[in-house]
Every structure is written in C-alpha cells, then in structure tokens.
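# Residue-level structure breakdown
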Amino acid sequence: MTASVARLQGTDEAKKTGLSLTTLAIRRLRRDNLTLFAMSVLVILILTSFLGAPILSETLGVSYTKTQADKTFLTPGSYPHLMGTDDLGRDHLMRLLYAGQVSLSVGFIAATLAISIGVSLGVVTGYYGGVIDDIVNWMIATLNSIPSLFLLLIVAAVLRPSPVTLVLILGFLGWTGTTRLVRGETLSIREREYVISARAIGASPLRIMFVHIMPNLFSVIVITLAIDIGGIILTEAALSFLGLGILPPTPSWGNMLTDAQTFFTKGVYLVIAPGLLIFITVLCLYVVGDGLRDAFDPTAKD
Amino acid sequence: MLGITVLSYLLMYLAPGGPVAALTFSPSTTVAQRERVAAQLGVNDPLPIQYLRWLLGDDWMRWDSNGDGISDGSFLIALDANADGENDPPGNRLGIIRGDFGRSFFYRRPVQDMIGERVAATFELGATSLFIGLLLGVPIGILAAVRKGGWFDNFTRVTSVLFSAIPIFWLGLILILIFGSWLHLLPMGSRCPSTLSGGCPPMWGRLEYLLLPTFVLAAGWVAVLSRYMRASMLDVMSQDYMRTAHSKGLAARVVWFKHGARNAAIPLATFLGPAITGLLSGAAITETIFSWPGLGRFAVEAVTAQDYPVVMTVVIIGAVATILGYVVSDILYAVIDPRIRFD
C-alpha cells in the first residue's frame, strides 16, 4: 500500500531530479549485475535456440528429426553429435534447441495473452465495479477452486492440443492472478486527483483507462509478465511431461523428459539436460522479475 | 460450487469419445444396438436434463411405483426412451449430490468405490509434506527475518528462489536417479513394498517409500512458507509492541518467539485454502513420477483413458476440499486472532 501510494505521488528522488520513474528504474537496473546477468543468459538462450539451431544444424550436418538406428545413445562429446543422441539416434543438442523454440514461444506468447486478458479485465472491473466486477470475481473464484493442474489436464485432454491451442489454453486459464492484482491497483488509482480531474473535464472512460490508468500499471505489468512466463514454462513442461501438452514428435523440454524417464540408466544426460534448461530459464525469469520489482520500487534509495 | 459442477459437466460434454463410444467399443455392435444404448444412457436428452441426471440422479425422473421393473411414471424424460414399444426400466442413478458418481468406463466399477483408498494415499502424502513444510518453513522464515541481511537470510532466500524455479517432476526424476538408481538406498517409487499378501504396512513401517515424494512436495512448501513467514515477521518486528517488549528488557529470544512469531503466524491461517489446490496439483505430478496410488495419478490416468466419470469425480472432490479449506481458514483466522470478528 505504501509502495503504491509512493509510486503514484512520485518519489522524493523523482521530484528532485525531475526524471520519470521509468528512467530511474532503467538507471537502477543498469547497476544491478545479477539481473543483467540473468537477462543476458535469457537472451543467449533465445538466440541459440532460434538462430543457432538452424546454423548449427547446417554446419554439423545433424538434424533433430532424423532417426539413426545404428547411433542410439551416443554419449555427449562425440562428433558431430556434441550432446550425444537419444533413444532413436536423433541429435540431442538439436532436439534441445528446437524444444527450446517451442517451450520459449509457448511461454512468452501464452504469458502475453494471459497478461493482456488479466490487465484488460482488471482495469475494467476496477474502474466500473458493479455487475461486471461481480461476474469476473465469480469466475475467478470458480477457476481458483479447481486445482489448476487438474483443470489444465481436463481441458488439454478434451482439446488434444496442438501448440497453438495449448498457448490459448494456458493464456485463457492463467489470467486470474493478474486480474486481481490490476483490479486492486486500479481501484486505488481511480480515486487519485488526476483521474477525478480528468473525469471532471469530460474525458471518456476509455481515455481515462488508457491514458491515465494504464501507464501507472506499467511496472506491475512488466514484473508480472516476467514471473508469469516462468510459471507458464513450468506448467507447459509439466503438462507435456504427463503427455498432455506438446505431443511428440514435436520436441519440448517437458516431453523430452517423458521419453528420457524410460531410459534412465542408458542415457543420464537425456534426463539432466532438458530439466536443467527449464530450471535455468525459469530461474533467470524469476531473477529478472525480482530485479524489475526492486528497480521500480519508488521507496528504494540509490 | 454450482458453477464448478456446470463447468466440469460442460467440459465433459464437449469431450471426444463419450460413454456410448466407451461402452460399445467393439466392431460387432450394430448401429441399432448403439442407438439403444445411447437412448438408455440418456445421451440424446437435452443437455440440461443430462446435467440434472448427473447432479441429482434420475430415480425421480422415471419411477416404478408397483415394483415390476418397468417404469410407470416419468417427469422430464420419456417413459420409453429407446422406442422399442416398452417402457424403460426406472432410473437408478442417485446423482453426485447423494454420492453416486457413476461408473468408471474403464474399470466398470462405481467410481465412489475406487476413490476412497486413493484419497487416503493422497492425504497421507499431502498431509506429511504440508506438516514438514510448516515445521521447517515457519522457523526458517522467522530466523531469516530476525537476522535480516545476514548470511542465513541470504542463503534461504536464494534457496527458496531455486526451489520455486525447479520443475518438480525433474527434481523427482533426479532424486530417483541418485537415490534409487545409483545408490540403491531408497525405492524408486510406489507406496508399499510389493508382497504376496498384498497388504500394506502402517506408515512408519514404510518410511523409505514416503521419503522422496514427501521431500519433493515439501521442498516447495518450505520455499513458499519461509518467504511468507519472513515477510510477515518483518512486518511484525516494526510494530510498537515489539519495541515495548524489547525496552522492558526481555531477552531477545523471548521477544521474537513469544511476542513476534505468534503474531506473525496469524496470516498463515489464510494459507490453508490455496494450499489444498496447490497440494492436489503437485500431487498429480509427484504421484505420477513415484507411482504413488493417489488421487492425482488416478486423475492423470483417467484423463489419458478418457474415463470421464472418474475425472469429474476427482475435480469435484478437489473443489470440495478447496472450499472446505477456505472455510476452515476463515474460522481458524477468527479463532486465532481475537481482533477479527465476522459480522
């Protein structure tokens, strides 16, 4: 509460320097080595899986789909299969990278979708209240009282998802937290003097929501986005692991572990690598989320 | 609650397969037979009636007042639904309201008969891990708050972020790999040692089976609870009564644990409701990895086998448990904290 009031009123520092909160946040972020490190790890991961995969595939002459009956369970370190091969003789490094494309895109797109729904519903319910607010709250209560993974399992089983429907499912079921957060913020912003004065000079509700309320939600949105992407990547991996998310032969970090589980003793690296990548990605996203929270915290002193 | 039943029923209604396909999955059944089965099951009825049958049963929709096995009165549905010229047998479903969850397509047994042992297995795992989570998480959170910025605080914060970012199914696999496959110290899964008699020793007789799954589930709880407790404790430590207690010259330990921790623990009461949903979600994954015969694994198997009565039962049980959790939370909250009164 104190934090949001301070943010809305502007900090002493902001008043002194006349800089916007975002400029200050970026300045703080530049000095936060841990967050910068996490960000660069993420960028490297994204670049290698999207750009590196086709290039490496060309230069090493390996493919993530080609099965080789005579070259199963090659251990990492062999050439040209740098990370070895899996139970069907497919190149493990290539599969990891292409799985990365799938897992990362699912995470980013689904989280963006969830946040968009969450923010729009949150702003609308917070601003108008009344019947819309009641309906949305009822929906949130209903969705939240079913264990989320059960709900996802059912929906995934009913729809037999392609990656696209999976993104839609994760997006359409993942907005409740954001909505509650944004609704709360909007409720407090709505009562600020500048919103009242905007209303007094006849600004339309749409204009108030977009011009006066949304910019104040920027930090909340960015922080939630980082953490949500991490959460969704974990959920997607769990679903795929249970055989209900991304389905083989499309690789994803989650379903690679399902296969690997069967070949515990033959290829330990097959178990370790995909999980490690999920772990690193999610960890970096959480660290970035935390770093952003600190950077945007108006009560922070430099 | 009604919302959940409507939602889960709608989802099932839209699902592929369905009861007729499941019961007549044999190439020798003719189209006419299929249709008879369909009519008897009532799948051709309008959706609201099907929903009512599932929720409230159908013994009041078509009844048999003279006891000859052929119905002689009906309400909402036809007396002769399969159109063979004879009145159909009376309805025999009681509806989920009266504990009739239907029959599993896959096992051909009433769902309520199979669910009991699985609820017990999940309860055993869930309660143990929640208990361990509380036992470790709460003191860790308090100590971290008391020594804010110290090495213990930093260490636990880093560990808690690490544990919330780790995929629990991967953690489970790695643990099985290390303790089960390499060191041969612990069993690789299942709830009981497999014996010829088929009996299961009491919990303390098979702790080694409980250890890994409990660790995986409890790790998450310790992470969440310690962070929660730390924030709550920091909040309490800035209160006036804490300063008063310190200035009275009480030992720091007494102030922290008697005055501080008790107040900081109050918000934990609100934790029970969400904790139950979290436990069930976590259980689905953990039970699958460790072949634990519980509710979560049952649900995953049922979803894969398109065994909808089972899936719906598990969802309803989960929802009931969650709502109970929230109610108990609210009551606990009022009991623990005399300042809170519900009007």
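From a predicted model like this one, the values you see are computed outputs, not experimental measurements.

### Examining the overall build of chain B
- Secondary structure summary: chain B contains 13 helices and two strands in total.
- Within chain B, the proportion of its 343 residues that are buried is 36%.
- Counting contacts in chain B only where the partners sit at least 6 residues apart, residues at least 24 apart contribute 64% of the total.

### Here we look at the packing of helix H5 (residues 92–128) of chain A against helix H8 (residues 163–173) of chain A
Residues and elements named next belong to chain A.
- Between H5 and H8, whose axes approach to 8 Å, the crossing angle comes to 40°. As judged from the angle between their axes, H5 and H8 are oblique. As H5 packs across H8, the resulting crossing turns out to be right-handed. On the side of H5, the interface is formed by Val102, Val106, Ile109, Ala110, Leu113, Ala114 and Ile117, while H8 contributes Pro163, Leu166, Val167, Leu170 and Gly171.
- By residue class, the composition of the contact of H5 with H8 is eleven nonpolar, one polar and no charged.

### Let's talk about helix H9 (residues 240–247) of chain B
- Buried residues are scarce in H9 of chain B, accounting for zero of its eight residues.
- Backbone geometry just after H9 of chain B places glycine 249 of chain B at a positive phi near 90°.

### What about the interface of chain B and chain A?
- In this complex, chain B contributes 34 residues to the contact, which on the side of chain A involves 33 residues.
- Mapped onto the side of chain B that touches chain A, the elements with two or more residues apiece are helix H1 (2–14), helix H6 (151–165), helix H7 (168–182), helix H11 (272–289), helix H12 (295–304) and helix H13 (308–336) of chain B.
- Tallying contributions element by element places H13 of chain B first for the side of chain B that touches chain A, with seven residues.
- Classifying every residue of the side of chain B that touches chain A by side-chain character gives 25 nonpolar, nine polar and no charged.

### Digging into the environment of arginine 160 of chain A
- With respect to the helices and strands, the residue arginine 160 of chain A is situated in the loop between helix H7 (148–159) and H8.
- Between the C-alpha atom of arginine 160 of chain A and that of leucine 244 of chain A, which follows or precedes it by 84 residues, the distance is 7.3 Å.

### Some thoughts on the nonpolar core
- Ranked by internal contacts, the top residues of the largest apolar core, which has 137 residues, are Phe150, Leu153 and Ile154 of chain A together with Ala299 and Val311 of chain B.
- If you tally residues by element for this core, the top one is helix H11 (residues 205–241) of chain A, at 17 residues.
- Ignoring any residue separated from it by four or fewer positions in sequence, one finds valine 311 of chain B in contact with Ile154 of chain A together with Ala299, Ala302 and Val303 of chain B.

### Observations regarding the confidence of the model for chain B
- Chain-level statistics for chain B give a pLDDT mean of 72 and a share of 59% at 70 or above.
- By mean pLDDT, the top-scoring element of chain B is H6 of chain B (84), and the lowest-scoring one is helix H2 (residues 19–23) of chain B (48).

### Some points on the packing of helix H6 (residues 130–145) of chain A against helix H9 (residues 176–190) of chain A
All names here are of chain A.
- The geometry of H6 relative to H9 is characterised by a closest axis approach of 10 Å and an angle of 140° between their N-to-C directions. Between H6 and H9, the interaxial angle falls into the category oblique. Crossing of H6 over H9 shows left-handed handedness. Counted together, Val136, Ile140, Leu143 and Asn144 of H6 and Thr176, Thr179 and Arg180 of H9 form the full contact between these two elements.
- Grouping the amino acids of the contact of H6 with H9 by side-chain chemistry returns three nonpolar, three polar and one charged.

Parameters and conventions
Residues numbered from 1 in each chain as written. Chains lettered and ligands numbered in written order. Predicted model: local features only at pLDDT ≥ 70, side-chain atom pairs only at ≥ 80, totals over all residues. Helix = DSSP H or I, 4+ residues; strand = E, 2+ residues; numbered from the N terminus. Buried ≥ 20, exposed ≤ 12 C-beta atoms within 10 Å, placed from the backbone. Contact = placed C-beta atoms within 7 Å. Axes fitted to C-alpha atoms, helices over the stretch in contact; angles between N-to-C directions. Parallel < 35°, antiparallel > 145°, perpendicular 65-115°, else oblique. Left-handed = near helix turned anticlockwise from the far one by under 90°. Nonpolar A, V, L, I, M, F, W, Y, C, P; charged D, E, K, R; others polar. Core = buried A, V, L, I, M, F, W, Y, C linked by C-beta atoms within 7 Å. pLDDT = per-residue confidence, 0-100.

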